[in-house]
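Structural description and commentary
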Amino acid sequence: MERSVADGEPLKYSALNHELHRLIREISAQTVAADMLERLNGQLVRHQFQLSLRPGRPQASLPEHLAMISAIIGRQPTEAEEATRRHLRSVITALRETEEAQ
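The structure contained in this document is the topic of the report that follows. (Residues numbered from 1 in each chain as written. Predicted model: local features only at pLDDT ≥ 70, side-chain atom pairs only at ≥ 80, totals over all residues. Heavy atoms only, no water.)

A few words on helix α2 (residues 10-28). Given 3.6 residues per helical turn, the α-helix brings residues three or four places apart onto the same face. Between its first and last C-alpha, α2 extends 27 Å over 19 residues, near the 27 Å set by a 1.5 Å rise per residue. Looking at α2, one finds that the buried residues are Tyr13, Ser14, Asn17, Leu20 and Arg25. Axial view of α2: buried residues confined to an arc of 135°, hence all on one face. Exposed positions of α2 whose direction lies more than 90 degrees from the buried face are Leu11, Glu26 and Ile27. (Helix = DSSP H or I, 4+ residues; strand = E, 2+ residues; numbered from the N terminus. Expected span 1.5 Å × (residues − 1). Buried < 20%, exposed > 50% of the residue type's maximum accessible area, 1.4 Å probe, protein only. Arc of directions from axis to C-beta.)

Written as structure tokens, this is what we have:
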């Protein structure tokens, strides 16, 4: 993900972002939540793709993703939850800004 941001490859970043989210769902072992998110994924993919192409968005979301990864690897559930909540708030804000601009 870092390399795709540094190389200015938003499509690659978008694909890696999707894979990261899939891995987090898998690692969580929360099957009910993962199933629900999979069903919603069809609606989310369009927005994730749009955000990844938005200038500056990959640079904004990369540190959020890295914080989530670090907390998960460090087995720090409270920090992982906080990092995920920060990321989700950032995504919601970016989606709202995108809607307002259209």
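A separate point is the environment of Arg57. Looking at where Arg57 falls in the secondary structure, it is placed in helix α4 (residues 57-73). When its relative accessible area of 8% is taken as the criterion, Arg57 is described as buried. Separated by 52 residues in the primary sequence, Arg57 and Val5 place their C-alpha atoms 9.7 Å from one another. Those residues in contact with Arg57 that lie beyond four places of it in its chain are Leu51, Glu64, His87, Ser90, Val91 and Ala94. (Contact = heavy atoms within 4.5 Å.)

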